[in-house]
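Inside the fold
Each chain is listed here by its residues.
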Amino acid sequence: MPSVEFKWKPEWKAAGGTDSWRAGLHLSAIVLERNARWFITVRWVVVGALGLVQVVLLFPDGLMARMGIVAHGWWPAGIAGVLACMNTVFTVLILLPRPRALVPPHVNLWAQITVDLVCLTALVHFCGSIATPAPFLYVLHIVLSCVFFSSGSSFKVAFMAIIFYLATVTAEMTGIFGRQSIFAALEGPAPLFSRAAGVCWAIALSVIFVAVWYLVSQLSLVIRARESQLIDADEQIRKTQEEKDRYAVQMTHQLKAPLDAVRSTIALITGGYSGGVSEEIRDLLSRIDKRAQGMAGLVMDVLKLARVKASPVRAGTGHRFDVGPILGRCIENLRPVASARQITIESSLASWEAEGVPEQIEMLFDNIISNAVVYSKNGQTVTVACAEVPDRNTMVVTVSDAGIGIEAEYLPHIFDEYFRSPDAARHNSASSGIGLAIVKAIAQGHGLSVRVDSVHGAGTKFSIGFPRPMLKSAPPVAPSRIAEEKEIA
Amino acid sequence: MAPTIAHVDDDPDIRQAVRKILEAEGYVVENYSVMADFIKALDTRQNRPALAVLDVMVEKEDSGLGAYDLLRTKCPELPVILLTSLGEMVRPYFEQENASVWIVEKPVSPEKLVSIVHSKVGKTGLLNRLDTTSGE
């Protein structure tokens, strides 16, 4: 049996998204909290690194000693201990609901920055404030603050770094603290560097800190301006889309309203509300009505397709809903149409959850099942069944008919807009050729797979796969419905 | 006394069709071409209609929906049938509505319209008499 399986990639991007991006620009409480969590994670890495340094330094003849690096006392472990304790406090403040309400994220973040700068200053002092590159670690903090905060806030961080560093150098030069260095060669009773060198280092690094703050914050401003422009453009596209949808709705209404008026008048005449009419007139009116119905259907299908395309389902934005009742409702809605041609709809339903737009899923089922009815011959049976495929973690809905089928050469094109195979066009002249394009757009938006098996002249089977269904224990409702339907038929 | 049904539609052919169908069932039908006239009539008259059949796209889209909101504020209990060319496509505009709103897609199907009106306001005495007669 010729078959073809369709699996369309969703057009939306599941990861990230405009909302989080937009929130990042405004540094909302959520974004600040996210930044605080990131800092906590990085700080644990620093704690681990300092602990490792302490362990290595415990071996006097170890690698560090051979490289000429020595450490006095337990300052790496001390700094690591302080950072670990404070990090635990910050984590608790973020994780627990009550403290989080008492300590806002921005206070938490500023407390972290202050603790970091104090610990870094201690590290700079013990490593050597003017004898090692350790003071350049301040630059890391300044750059991060420029990325995560506004220019004003990042300047505060840069200012704090300068003050802390100048205080350290001043304290060392005035003899409040003894000068330190991790380089063994620089140790000894003599001053490590002259006072002039200390002043030179302090001024030079302060200038570097300010320069780094200025350059990075300016760069950050440019990037944020670009982000802002992108957000504005995104908003403009959204508004344009809404306008387009409004226009489509109004156009559809304007195009369909005269047809509805014509068909309403025909219904009035054929219903006998304006006196009796001859069979010939009734037949002619029926023909007019059928053509008007086809045109009205086309207009509505164009609008439906435009709307489905204009509002794709985004990850996490849809509703969770039970698909079973929707499928059941579609079948019940189509039973009168099927019964008019002595077509039986047999169904075996199940209950499972999907995420998305319920109205669109209903539209998808309505299109596929009504196609099965339309392209069946009088007196035939259409079967709708649900079955779980455990190894693929999928719920599959199959809609089978024994109707006219689809020629193998046309099978790959049936989801194209306005496509109708010659047989289909002959069998149903009122078809718009848009129904399956709507199915494709909905399946694409919801991440559904559609498999079509068809034998020309013998029937078609559509299999719609719903990924990762959350199955409920509702029993199938098939037996009674089938029996009831057979009795009616 | 037969229940009164208010019908608002800017299309004269639809107004004529609805009037003929419902009057044949014994109802009193009041036609309005714009929602504003209907709402004005609600303010001036004492007896309110038993049911309103509305075309929500009457006038402009927004003013039609805005007028509908105003109607809901004035008569929250009034049963409403939305008779619209867009059918279920207008459902998202009325997601918050309760079960007292029915959406019926045009064209006007006499059987469907009469069936819904019966379920909303009950059959008229005329229809009951016809039923009894046909039953005999």
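Each chain has its residues counted from 1, running along the sequence as written. Labels are handed out in written order, letters beginning with A for the chains and numbers beginning with 1 for the ligands. Thresholds applied to this predicted model are a pLDDT of at least 70 for local features of residues and 80 or more for the giving and counting of side-chain atom pairs; totals over whole chains, interfaces and linings are not thresholded and use all residues. Side-chain measures here rest on the full set of heavy atoms in the structure, leaving out hydrogens and waters.

This part takes up the overall build of chain A. Where helices and strands are cited, they refer to DSSP runs of H or I of at least four residues and of E of at least two residues respectively, numbered from the N terminus. Secondary structure summary: chain A contains 15 helices and 9 strands in total. For the exposure calls, accessible area comes from a 1.4 Å probe over protein chains only, and a residue counts as buried if that area is under 20% of its type's maximum, exposed if over 50%, partly exposed in between. Relative to its full complement of 489 residues, chain A shows a buried share of 42%. The long-range share in chain A, meaning contacts at least 24 apart out of those at least 6 apart in sequence, stands at 77%. Whether two residues touch is decided by their heavy atoms; if any such pair falls within 4.5 Å, the residues are in contact.

Note on definitions: salt bridges are taken to be side-chain nitrogens of Lys or Arg within 4 Å of carboxyl oxygens of Asp or Glu. Using the criterion set out here, one finds 18 salt bridges over all chains in the structure. As a salt-bridge pair, A:Asp260 and A:Lys256 come within 3.2 Å of each other at their nearest N and O atoms. Taken together, the positions of A:Asp260 and A:Lys256, both in helix α9 (residues 195–270) and 4 residues apart, correspond to about one turn of that helix. When its relative accessible area of 0% is taken as the criterion, A:Asp260 is described as buried. Using a relative accessible area of 2% as the deciding quantity, one classes A:Lys256 as buried. Several salt bridges converge on common partners, so that one network encompasses A:Lys256, A:Asp260 and B:Glu105.

Residues and elements named next belong to chain A. For the purposes of this section, nonpolar cores are sets of buried Ala, Val, Leu, Ile, Met, Phe, Trp, Tyr and Cys residues that join through side-chain atoms within 4.5 Å. Grouped together as the largest cluster of nonpolar side chains are 49 residues, with contacts concentrated most on Phe-365, Val-452 and Phe-466. Examining the composition of this core, we find that 8 residues originate from one element, helix α12 (residues 358–374), more than from any other. In terms of nonpolar packing, the next biggest core, distinct from the first, is built from 46 residues, Leu-120, Ile-142, Cys-146 and Ala-158 among them.

On to the environment of A:Arg246. Secondary-structure assignment places A:Arg246 in helix α9. Remark: the alpha-carbon pair of A:Arg246 and A:Arg307, spanning 61 residues in sequence, is separated by 9.9 Å.

Right, let's get into the pairing of strand β2 (residues 28–32) of chain B. Residues and elements named next belong to chain B. Two strands make a pair as long as DSSP finds a minimum of two bridges between them. The pairing of strand β1 (residues 4–8) with β2 spans 5 bridges and is classified as parallel. Opposite Thr-4, over in β2, you have Val-28 as the bridge partner. The handedness of a crossover follows from its direction of travel: if, with the strands pointing away from the viewer, the path from the first strand over the helix to the second runs clockwise, the crossover is right-handed. Handedness of the crossover joining β1 and β2 through helix α1 (residues 12–24) is recorded here as right-handed.

As a further point, take the confidence of the model for chain A. pLDDT expresses how confident the predictor is about each individual residue, on a scale running from 0 to 100. For chain A, mean pLDDT is 82; residues scoring 70 or higher make up 83% of the total. Contacts from residues 12–26 of chain A, a stretch scored under 50 in pLDDT, to residues over four places away or in other chains number 21 contacts.

With that settled, consider the packing of aromatic side chains. Residues and elements named next belong to chain A. Between the rings of Phe, Tyr and Trp (Trp by its six-membered ring), a pair exists once the centres lie within 6.5 Å; its type follows the angle of the planes, with under 30 degrees stacked, over 60 edge-to-face, and the other angles tilted. Enumeration according to the criterion identifies 16 aromatic pairs over all chains in this entry. Between Tyr-138 and Tyr-165 the ring centres are 6.1 Å apart and the planes differ by 65°, which places this aromatic pair in the edge-to-face class. One end of the pair, Tyr-138, is in helix α7 (residues 137–148); the other, Tyr-165, is in helix α8 (residues 151–173), and 27 residues separate them in sequence. The exposure classification of Tyr-138 matches that of Tyr-165, with both residues buried. Taking the centre distance of 6.4 Å and the plane angle of 80° together, the rings of Phe-415 and Phe-462 count as edge-to-face. Residue Phe-415 is found in the loop between β6 (394–401) and α13 (422–427), and its partner Phe-462 is found in strand β8 (residues 459–467); the two are separated by 47 residues along the sequence. Counting every residue linked through ring pairs, the aromatic cluster contains Phe-155, Phe-159, Trp-213 and Tyr-214.

Right, let's talk about unusual backbone geometry for a bit. Residue B:Pro107 is reached from B:Lys106 by a cis peptide bond, and omega for that bond is 10°. Its location among the elements puts B:Pro107 in the loop between β5 (101–105) and α4 (110–121). At A:Gln342, a residue that is not glycine, the phi angle is positive and equals roughly 55°. Tracing the sequence through the fold places A:Gln342 in the loop between α11 (323–340) and β3 (344–348). Look at A:Tyr418: it is not a glycine, yet its phi comes out positive at around 65°.

Residue-level contacts link 23 residues of chain B with 21 residues of chain A. Note on terms: buried area is the combined drop in 1.4 Å-probe accessible area of two parts once they are placed together, counting the loss on both. Approximately 2,000 Å² of surface area, both sides summed, lies buried where chain B meets chain A, with 62% of it carried by carbon and sulfur atoms. Here A:Lys256 ties to B:Glu105 by a salt bridge, and the two come within 3.1 Å at their closest N and O atoms. By the criterion applied in these results, polar contacts are pairs of N or O atoms within 3.5 Å in which, for protein atoms, one can donate a hydrogen and the other can accept it, and in which residues neighboring in sequence qualify only through two side-chain atoms. The interface formed by chain B and chain A holds 5 residue pairs in polar contact (both at pLDDT 80 or more) in total. Of all the secondary-structure elements, those providing two or more residues to the side of chain B that touches chain A are α1 and α3 (61–74) of chain B. If you tally residues by element for the side of chain B that touches chain A, the top one is α1(B), at 7 residues. Residues were grouped as follows: Ala, Val, Leu, Ile, Met, Phe, Trp, Tyr, Cys and Pro as nonpolar; Asp, Glu, Lys and Arg as charged; and all remaining residues, including Gly, as polar. Of the residues belonging to the side of chain B that touches chain A, the class tally is 11 nonpolar, 2 polar and 10 charged.

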